[in-house]
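Below, each chain spelled out in residue letters.
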Amino acid sequence: MNAPGKVYLIPTMLSPDALQTIPAYITAAVQPLRIFFVENERTARRYLKALDRNINIDELQLHLMNEHHPPDTTLAKKLLLEGHNIGIMSEAGCPAIADPGHLVVQVAHRINAAVIPLVGPNSILLALMASGMNGQHFQFVGYLPVKPPERVKTLKELEIVSQKKGQTQIFIEAPYRNNQLLKDILANCKDHTQLCIAADITGPEEYIRTRTVKEWKNAVPELHKRPAIFLLYADR
């Protein structure tokens, strides 16, 4: 029986014009691959062409996966057992982080297929690095609840946990809901709690600032439809 194929976790750009943030060795890893699980076919094709214009897009298999369309893990298993290598790409940043790519990775582990994470930009770590907050003890909680009462409740709980544990709380929101999330943070968190807003990371409009909630109230930024990540830290 042949050894199973490998799964390559391929980082993508956080900003559309930030190809310089992708290490050169990513192109070499991508060139031999013919099968990919991707969040968006159009942007995946554009990214692959940016890496190497000689890649024949028409020869590739692009299998869709997103929050509304989970990856076909049965197909992934079949392909790997047949010895095919698979690439996984998120819409932005590192795959299998806050996206369904981890389901393909789970399949790989179950059949002893090698999983190869490739180095690239990660908004969580870049924002944490630039925030000045506790980088030894932090929690990424992903998306907060959509409904306002539940979102406010979660924010208050995260603030309490941060204060008790000295733990940085990191979370994200759909870009079109950023302003409402920020409004809820400023209305419900304590004045002395620190908040870092990191928007358009690695892009030409990159914006990273850490201030207290009280200070943010005097200078509220416009975040509508800007990719952003939020970090909260309540002093003990």
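Structure's up top.
What counts and how
- Residues numbered from 1 in each chain as written.
- Predicted model: local features only at pLDDT ≥ 70, side-chain atom pairs only at ≥ 80, totals over all residues.
- Heavy atoms only, no water.
- Helix = DSSP H or I, 4+ residues; strand = E, 2+ residues; numbered from the N terminus.
- Buried < 20%, exposed > 50% of the residue type's maximum accessible area, 1.4 Å probe, protein only.
- Contact = heavy atoms within 4.5 Å.
- Areas by Shrake-Rupley, 256 points an atom, 1.4 Å probe, with all protein chains shown as cover.
- Lys, Arg positive; Asp, Glu negative; His and termini not counted.
- Charge placed at Lys NZ, Arg CZ, Asp CG, Glu CD.
- Axes fitted to C-alpha atoms, helices over the stretch in contact; angles between N-to-C directions.
- Parallel < 35°, antiparallel > 145°, perpendicular 65-115°, else oblique.
- Left-handed = near helix turned anticlockwise from the far one by under 90°.
- Nonpolar A, V, L, I, M, F, W, Y, C, P; charged D, E, K, R; others polar.

Draft legend 1. View of the overall build of the protein. In terms of helices and strands, the protein carries eight helices and 10 strands. For the protein, the spread of C-alpha atoms along the three principal axes comes to 60 × 35 × 30 Å. Classification of the 236 residues of the protein by burial places 46% in the buried group. Relative to all contacts within the protein whose residues are 6 or more apart in sequence, the contacts with residues 24 or more apart total 75%. Accessible surface for the protein amounts to roughly 12,300 Å². Of this, 52% is attributable to carbon and sulfur atoms. When the 26 basic and 23 acidic side-chain charges of the protein are each reduced to a single mean position, those positions are 4 Å apart.

Draft legend 2. Local environment of the packing of helix α3 (residues 73–81) against helix α4 (residues 101–110). Where α3 meets α4, the axes come as close as 9 Å, and the angle between the chain directions of the two elements is 45 degrees. The orientation of α3 with respect to α4, classified from their angle, is oblique. Considering the relative orientation of α3 and α4, their crossing is right-handed. In contact with Thr73, Ala76, Lys77 and Leu80 of α3, α4 contributes Leu103, Val104, Val107 and Ala108. Taken together, the residues of the contact of α3 with α4 break down into six nonpolar, one polar and one charged.

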